[in-house]
Amino acid sequence: MKCLLIASESAEVLFHWSDREYRQNIQEKYGVSQEEGEGLPAFEDILSTLFAPIIISCSTLEDSYTSFTTENNHIYVLHQFDECLYIAVNGDGEEKEDDLRRKLYVVKKMVEVMFGMVTLSGNLLRKELRPQDTEQRARLWKYLQSLVETYSLLRENDQSFLVEAVERLIHPQLCELCIEFLERRLVQQLNSSVERAGEEVLHAFVLVHTKLLAFYSSRNASILTPSDLLALIVMAQNMYPSNVDLDDMSPEVSNSCLTDFVFGLLEKAGRGETPVFEFVDPEIQMAEDSLHTLEINPPDPTSPRRVFLAISHKDEMCPMMPHSMYCLSLWPGITLVLLTKISSSALAISVYKYLEDFDKLEKRLHEGHGGPASARSPLNMQDIRSKMDKFIKSLEPHDLQYAQLQNVWAEFKSRAFSRAGSGFNKDLIPWCKNMKTQLCGIYRQCFLTDSLSADVTHRLSAGLQERAQAMVREKLVDWKDFLLVKSKRNITMDFPGLVHFICVDRATGQMIAPSLNITERTTSELGKGPVANYIKNKVWALVRTTRRYLQKGYSTVTLRDGDFYFCYFLWFENETGYKLQPVDIPVLADDSPPIGMLAYDYYNRLLKYYSKNHKGENVKCYELLTVHLGVIPTEIILQHCRQLASKLWEPSRNPLL
């Protein structure tokens, strides 16, 4: 009983996702109220009618609610992101209010990765999320719905998405070998090829399921944030989902089942039937609405996906820089991802700088401070005027969006700088907003609208992608089976009485933990089947509990739960490994953004808060969660925690990426 909705202030549905139980429940209730002989409306129309009172009340009330629970125990969580209202619903008790709020923020993050700075304009975002072309809308919604489902599966089953940190495969020699190969052979050859069509490979990394084997960034590249990397892993998993059942098979079972599978396909082919391949859980289905009656052609696997990622490099900063993402499958479960810089990306930096300038001006006008006349103003409007004139001249003059920007800018200058104009006062605020909309329109035209027609020519050629695949396959072919097994048994525990642990480096956004395999086929350190599943549920509950305490300002938590003893520690170190003095952590409101790194980088803000008193030091932040048997003495548990904290991030064990 789950649903997620994005709506405009006028109650127009911009996107929706729901599971089968929710759809059936809503359609049954709506069908009862219909007149006899009337057909059931499209599911999208039912949602629009159902949620309209909630949406309208949120847009009209000054102090609107952020969550509520109905009489039938359905939980509703709402959050207004600019001009769009995000709503998440749960009616089966599997998700709490915090889980729903986290899901809303994650969907917002995925929308930003897909549409970039267009999300800063409500009107333009509405056009992107709800295209007029019905087939295009169906394709877009289906893709975004699949991202929601992929994230939900990872959140429920993968420890890296539980704590929102990237998990690396622990094998120093192989990691170093792969990083060296990516740097000296793969990226170098791709960037020297004439078939790259003006694109430059900035980042290349290899995933084994969701675990990171090797990551390489070129010298010209900015650091990829943990938030963006986690979002890219969701997209890669969505494109090539891990099939846990097949991956967990032993060689004997795997060969037997695959043989039966192949013979079954041959029998179907002999009877003239078309074999059907299913690589996802059949319980997971897309939202059923009128759009699903359309035939949607699958995307070209060699076609890159436009993604917008944060960069901070030298004097350049842009939170949503356009990149092209190439996701190349090496073998089932092992994927090569390439991120390239597109030739016109410098335009995005200029647009962002001007958006910042007009945003600052708008805020100062709201405060009652003038523009150039104010001594306190950090803006040099004459300088901005000169640079904006040059920027507009550099654009393509034949484009309609160019003409609109030119006209609005001319009107802005007339009102702000001419003697007949009103000058820098609150009357200029609407024109600041209009300028920001037009700048977002230029951004949309260059990186979303035009990219649909330009992708065929401005991308790595299909042949170049195939050669990249072949090179990495040749390098890893002898390691393939080892990597797939290693991803299930990444690190072992040699502490008697220690059931499980998770250690996270929040400065780099990376984590280490033993595997939690809960299928009957695979035996892990925790056993298999129900035993491992029981421990998994305990770990998930522990993380949820520690986040609530962290939200209230606690950095250390110890508690007993039946036969287990749980510990949680958060601490800071300098770059030499010296533990720094603890401080009072800020207390957060109940409806504050979720603690994590994917949708909202809480830990980056926490590091900035702590570093205020440690100027010039490179401060690091770590978290450690442990689960011990309750019979282990407390002093032994604390000794284990100290040893884990000191050993897990030794450079000799885990090479830098």
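Residues numbered from 1 in each chain as written. Predicted model: local features only at pLDDT ≥ 70, side-chain atom pairs only at ≥ 80, totals over all residues. Heavy atoms only, no water.

Summing up its helical and strand segments, the protein chain has 19 helices and 16 strands in all. Scored against the burial criterion, the 657 residues of the protein chain give a buried share of 51%. Partitioning the intrachain contacts of the protein chain with sequence separation of at least 6 by distance along the chain shows that 70% fall at a separation of at least 24. Only carbon and sulfur atoms are counted for the fraction: they give 51% of the accessible area of the protein chain, which is about 31,600 Å². (Helix = DSSP H or I, 4+ residues; strand = E, 2+ residues; numbered from the N terminus. Buried < 20%, exposed > 50% of the residue type's maximum accessible area, 1.4 Å probe, protein only. Contact = heavy atoms within 4.5 Å. Areas by Shrake-Rupley, 256 points an atom, 1.4 Å probe, with all protein chains shown as cover.)

Next up on the list: the packing of aromatic side chains. The final tally for this structure, using the stated rule, is 20 aromatic pairs. Judged by centre distance (5.7 Å) and plane angle (70°), the rings of Trp479 and Phe482 are edge-to-face. One aromatic cluster in this structure is built from Phe51, Tyr65, Phe68 and Tyr76. Cation over ring: Arg605 sits above Tyr600, and NZ or CZ is 4.2 Å from the ring centre. (Phe/Tyr/Trp six-rings, centres within 6.5 Å; stacked < 30°, edge-to-face > 60°. Lys NZ or Arg CZ within 6 Å of the ring centre and 35° of its normal.)

Moving on, we get to unusual backbone geometry. With phi around 55°, Asp82 is a residue other than glycine that occupies positive phi space. Take Asp82: it is sitting in the loop between β4 (75-81) and β5 (84-90). A positive phi is found at Glu164, a non-glycine position, where the angle reads about 55°. By secondary structure assignment, the location of Glu164 is in the loop between α6 (159-163) and β6 (166-167). Among the residues examined, Glu164 registers a relative accessible area of 2% and is labelled buried.

On to the sheet that holds strand β7 (residues 200-208), then. Here five strands make up an open sheet; going across it, the order is β8-β7-β11-β10-β9 and the pairing antiparallel. Strands at the two margins of the open sheet, each flanked by one partner only, are β8 (211-217) and β9 (305-313). If you compare each strand with its neighbour and ignore which way they point, the axes differ by 30° on average. Sheet topology places β7 next to strand β11 (residues 334-341); eight bridges connect them, and they run antiparallel. When the bridges of β11 are listed, Leu207 appears paired with Thr335. Helix-sheet contacts for helix α8 (residues 226-239) involve β7, β8, β9, β10 (316-331) and β11, and the interaxial angle to β9 is about 165°. (Pairing = 2+ DSSP bridges. Axes fitted to C-alpha atoms, helices over the stretch in contact; angles between N-to-C directions.)

Counting buried residues in β8 gives six out of seven residues, a clear majority hidden from the surface. With antiparallel pairing between neighbouring strands as the criterion, β7 and β8 make up a hairpin whose turn holds two residues, including His209 at a positive phi of roughly 60°.

Here we take up the side chain of Ser146. Looking at the element boundaries, Ser146 is found in helix α5 (residues 134-157). A polar contact is formed between the side chain of Ser146 and the backbone oxygen of Tyr143, at a distance of 2.5 Å. (Polar contact = N/O pair within 3.5 Å; in protein donor to acceptor, adjacent residues only side chain to side chain.)

With 14 residues, helix α19 (residues 634-647) extends 20 Å from end C-alpha to end C-alpha; this agrees with the ideal 20 Å at 1.5 Å per step. Looking at α19, one finds that the buried residues are Ile637, His640, Cys641 and Leu644. Taken end-on, α19 shows its buried residues confined to a sector of 100°, consistent with a single buried face. The exposed residues of α19 that point more than 90 degrees off its buried face are Glu635 and Arg642. (Expected span 1.5 Å × (residues − 1). Arc of directions from axis to C-beta.)

Turning our eyes to something else, we now look at helix α2 (residues 43-60). Compared with the 26 Å implied by 1.5 Å per residue over 18 residues, the 26 Å span of α2 between its first and last C-alpha is a close match. A maximum bend of about 50° is found in α2 at Phe51, where proline Pro53 lies one to four positions downstream. Inspection of α2 places Phe43, Glu44, Ile46, Leu47, Phe51, Ala52, Ile54, Ile55, Ser57 and Cys58 among the buried residues, and these make up the whole buried set. (Bend = angle between axes of the 7 residues up to and from the residue.)

Here we take up the pattern of salt bridges. All chains considered together, the criterion is met by 27 salt bridges. With a shortest N-O distance of 3.8 Å, Asp98 and Arg101 are connected by a salt bridge. Residue Asp98 and its partner Arg101 are both found in helix α3 (residues 97-115); the two are separated by three residues, about one turn of the helix. Under the relative-accessibility criterion, Asp98 is labelled partly exposed at 31%. (Salt bridge = Lys/Arg side-chain N within 4 Å of Asp/Glu carboxyl O.)

Turning our eyes to something else, we now look at the environment of Ala7. In this structure, Ala7 sits in strand β1 (residues 2-8). Along the backbone, Ala7 and Ser48 are 41 residues apart, and their C-alpha atoms lie at a distance of 8.6 Å. Dropping the residues within four chain positions of it, Ala7 is found in contact with Glu12, Leu14, Ile55, Glu83, Cys84 and Leu85.

The subject of this paragraph is the sheet that holds β6. Sheet architecture is open: six strands sit in the order β6-β13-β12-β16-β15-β14, paired in mixed fashion. The open sheet is flanked by β6 and β14 (556-561), the only strands paired with a single partner. Where strand β12 (residues 498-505) lies against strand β16 (residues 620-629), seven bridges are found, and the strand directions are antiparallel. If you follow Asp505 over to β16, its bridge partner there is Tyr622. Strand contacts of helix α17 (residues 530-551): β12, β14, β15 (564-573) and β16, with the helix running at about 45° to β15, the strand carrying the most contacts. Contacts from helix α18 (residues 602-611) reach β15 and β16, with the element oriented near 55° to β15.

Summary statistics for the protein chain give a mean pLDDT of 83 and a share of 83% for residues scoring 70 or more. When the criterion is pLDDT under 50, residues 372-377 qualifies, and its contacts beyond four places in sequence or with other chains add up to nine contacts. Every residue in residues 651-657 is under pLDDT 50, and counting partners more than four places away or in other chains gives 20 contacts. (pLDDT = per-residue confidence, 0-100.)

This next bit is on the nonpolar core. Of all hydrophobic cores here, the largest spans 117 residues; its most connected members are Phe51, Ile87, Phe391 and Phe412. If we ignore the near neighbours within four places in the chain, the residues touching Ile87 are Cys3, Leu4, Leu5, Phe51, Ile54, Ile55, Tyr76, Val77, Leu78 and Leu104. If you look at the next biggest cluster of nonpolar residues, it comprises 34 residues, including Val163, Tyr603, Tyr610 and Val627. (Core = buried A, V, L, I, M, F, W, Y, C linked by side-chain atoms within 4.5 Å.)

Attention shifts here to the pairing of β15. Across the 10 residues that make up β15, a large majority, 10, are buried. In β15, alternate side chains face the same way, and those of Phe564, Phe566, Tyr568, Leu570 and Phe572 on one face and Tyr565, Cys567, Phe569, Trp571 and Glu573 on the other are all buried. Two elements, β14 and β15, share six bridges in a ladder whose sense is antiparallel. Bridge pairing in β15 places Arg560 opposite Tyr565. Following β14, the chain reverses through two residues before pairing antiparallel with β15; Gly562 in that reversal takes a positive phi of roughly 65°. Alignment of β15 against β16, held across 10 bridges, turns out to be antiparallel. Bridging across to β16, Glu573 finds its partner in Lys620.

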